[in-house]
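# Observations on the three-dimensional arrangement
Here's the letter readout for the chains.
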Amino acid sequence: EEIEKGSFAHFMQKEIFEQPESILRAMQGRIEFENATAHLGGLNLDRQELLNIERVKIVASGTSYHAGMVGAYLLEQLARIPCTAELSSELRYRNPIVERNTLYFVVSQSGETADTLYAMRELQRKGAKVLGICNVVGATIPRESDGGVYTHSGPEIAVASTKAFTSQLTVLYLFSLFMARMRHMSFEEGLALVQAMDGVPALLQQVLSRADSIQELAEKYSYARSFLFLGRGINYPVALEGALKLKEVSYIHAEGYSAAEIKHGPIALVNEETPSLFLVPNDPLRDKVLSNMKEIKARKGPVIAIAVEGDREVAGIADDVFFVPNASPIVYPFLLMVPMQLLSYYMALILGHNVDQPRNLAKSVTVE
Ligand code: G6P
């Protein structure tokens, strides 16, 4: 175990810091600069079947479900294919309607999660074609699925998933790019996306090099017993994942919400001791997020923002800001996620918890 951790104190820390390489591995050999697209070998679908796809559904649990929610956003926005993500445990028991020309993906790091496996079998029984996005090679889901893509993250040991999530995202970006380029996306747009993806590992390296300032934030806010994580658009599921990470390893109560939705309930939780963490990329929803932030400040809630370098306005509103490098708006899920992983990690350490094996949780849940 000591050898595998190398110079790191914990697996979670190692896996967070490994992400520039693990994302690269998920992309390797799959990006085509010359055609401004991606290719994924294991889809098992011929050209006509790919063109016939009218809908995509993504089924998963836990962190993989959050990756699926980002994927749904990508498929709709980039490829203009209607797509939804659903929890495996819910899908299985609602007698799902399997429609023609619908492609199903199950996303699972371990490839063994019982709810996801049973949901896949139920879909297959009803005639669906189900592809897997899995990490563990040869696990039950990749064996029984009708095809799929491996994320190649390498073994993920810490119970709280970090690098597996960003690798799942990578595969979902590549699949969305591929589908978009078969349909209406231009070469120029495709190339811009390929270049943005290609730049992610180096940008994450910059984020990771400033982990110390996240550690300071964790110290400052470790008093909190409850946290809100707020994002919008493609970064709404990223906020959900940020809240999940904090709960899992630090045992601090955290709610992930759409920043727009706080006024319908969670704002009632806000007081001087309940911090809100806002995701503020420079995308078209930024101004809306800033006004959501002001609503919290007006109620004396501490505000932490993860924002884009040079955004002075955010710095004027929030109590603390962690800046990520400027990037193409579509790739912010990667850049905003990593600081929240670090925050949870440091928070757990400060509070003296077993960060790699949190109480009551299992890496792979093989029972219903
Ligand atoms: C467990 C793990 C989570 C994981 C979820 C789904 O709850 O603790 O980290 O996200 O299962 O696992 P899977 O292997 O299907 O991605």
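Predicted model, so just to flag it, every value in this text is computed and none were measured.

## Brief notes about the overall build of the protein
The number of helices and strands found in the protein is 15 helices and twelve strands. Against the globule reference of 21 Å for 368 residues, the protein gives a C-alpha radius of gyration of 20 Å, in line with a compact fold. Along the three orthogonal principal directions, the C-alpha set of the protein runs to about 55 × 45 × 40 Å. Each of the 368 residues in the protein was classed as buried or not, and the buried ones make up 54%. Of the contacts made within the protein by residues no fewer than 6 positions apart, 74% connect residues no fewer than 24 positions apart.

## Examining the confidence of the model for the protein
For the protein, mean pLDDT is 96; residues scoring 70 or higher make up 99% of the total. Model confidence for the complex is summarised by a pTM of 0.97, with the ipTM given as 0.97.

## Side note on the site of the ligand
Among the 16 residues in the neighbourhood of the ligand, the closest are listed as Gly 62, Thr 63, Ser 108, Ser 110 and Thr 113. The residue inventory of the shell around the ligand, partitioned by class, reads four nonpolar, eleven polar and one charged.

## Points about the pairing of strand S8 (residues 226-231)
Each regular strand displays side chains that alternate between the two surfaces of the sheet. Burial analysis of S8 places five of its six residues in the buried class, the great majority of the element. Here S8 runs beside strand S9 (residues 253-258); their pairing, made up of six bridges, is parallel. If you follow Phe 227 over to S9, its bridge partner there is Ala 254. As a crossover connection, the stretch from S8 through helix H12 (residues 236-250) into S9 is right-handed. Bridge count between S8 and strand S10 (residues 276-280): three bridges; the pairing is parallel. Directly across from Leu 228, in S10, lies its bridge partner Ser 276.

## What to know about the packing of helix H11 (residues 211-221) against helix H15 (residues 332-350)
Between H11 and H15, the least distance of the axes is 8 Å, while the angle of their chain directions is 50°. Classified by the interaxial angle, the pair formed by H11 and H15 is oblique. For the pair H11 and H15, the sense of crossing is right-handed. Of the residues in H15, those in contact with Ala 211, Ile 214, Gln 215, Leu 217, Ala 218 and Glu 219 of H11 are Pro 339, Leu 342, Leu 343, Tyr 346, Met 347 and Ile 350.

## A few points about the sheet that holds strand S3 (residues 55-60)
What the five strands build is an open sheet, ordered S4-S3-S5-S6-S7; its pairing is parallel. Across the chains shown, the open sheet's two edge strands, defined by having one partner strand only, are strand S4 (83-87) and strand S7 (148-150). When strand polarity is set aside, the average angle formed by the axes of neighbouring strands in this sheet is 20°. As paired strands, S3 and S4 are joined by five bridges and run parallel to one another. Across the sheet, Val 59 pairs through a bridge with Glu 86, a residue of S4. Contacting S3, S4 and strand S5 (102-108), helix H5 (residues 62-79) runs over the sheet at an angle of about 170° to S4. Across the sheet, helix H7 (residues 114-125) is in contact with S3, S5 and strand S6 (130-134); its angle to S5 comes to roughly 165°.

## Things to note about the UniProt feature "transmembrane region" (unreviewed entry) in the protein
Mapped onto this numbering, the UniProt entry annotates "transmembrane region" (unreviewed entry) at residues 330-351. Across residues 330-351, helical content stands at 86% and strand content at 0%; the span's end C-alpha atoms are separated by 34 Å.

## Observations concerning the sheet that holds S10
Two orientations exist for strands paired in a sheet by backbone hydrogen bonds: parallel and antiparallel. Taken in spatial order, the five strands make up an open sheet running S9-S8-S10-S11-S12, and their pairing is parallel. Strands with a single pairing partner mark the edges of an open sheet, and in this sheet they are S9 and strand S12 (320-324). Averaged over all pairs of adjacent strands, the angle between their axes in this sheet comes to 20°, without regard to strand direction.

## Quick look at the environment of Lys 297
On the secondary structure map, Lys 297 appears in helix H13 (residues 286-298). Separated by 31 residues in sequence, Lys 297 and Ser 328 place their C-alpha atoms 29 Å apart.

## Digging into the nonpolar core
Here is a general trend for soluble globular proteins: nonpolar side chains tend to be buried in one another's company. Within the largest apolar cluster, 127 residues are counted, with the highest numbers of intra-cluster contacts made by Val 106, Leu 230, Phe 278, Ala 305 and Leu 335. Sequence-distant contacts of Leu 230, defined by excluding residues within four places in its chain, comprise Ala 239, Tyr 257, Ala 259, Ile 262, Ser 276, Leu 277, Phe 278, Leu 279 and Asn 292.

Here is what the cut-offs are and how they apply
Residues numbered from 1 in each chain as written. Predicted model: local features only at pLDDT ≥ 70, side-chain atom pairs only at ≥ 80, totals over all residues. Helix = DSSP H or I, 4+ residues; strand = E, 2+ residues; numbered from the N terminus. Rg over C-alpha atoms; globule rule 2.2 N^0.38 Å. Buried ≥ 20, exposed ≤ 12 C-beta atoms within 10 Å, placed from the backbone. Contact = placed C-beta atoms within 7 Å. pLDDT = per-residue confidence, 0-100. Near = placed C-beta within 6 Å. Nonpolar A, V, L, I, M, F, W, Y, C, P; charged D, E, K, R; others polar. Pairing = 2+ DSSP bridges. Right-handed = clockwise from strand over helix to strand, strands pointing away. Axes fitted to C-alpha atoms, helices over the stretch in contact; angles between N-to-C directions. Parallel < 35°, antiparallel > 145°, perpendicular 65-115°, else oblique. Left-handed = near helix turned anticlockwise from the far one by under 90°. UniProt positions renumbered as here; feature names shortened; annotations may be inferred. Core = buried A, V, L, I, M, F, W, Y, C linked by C-beta atoms within 7 Å.

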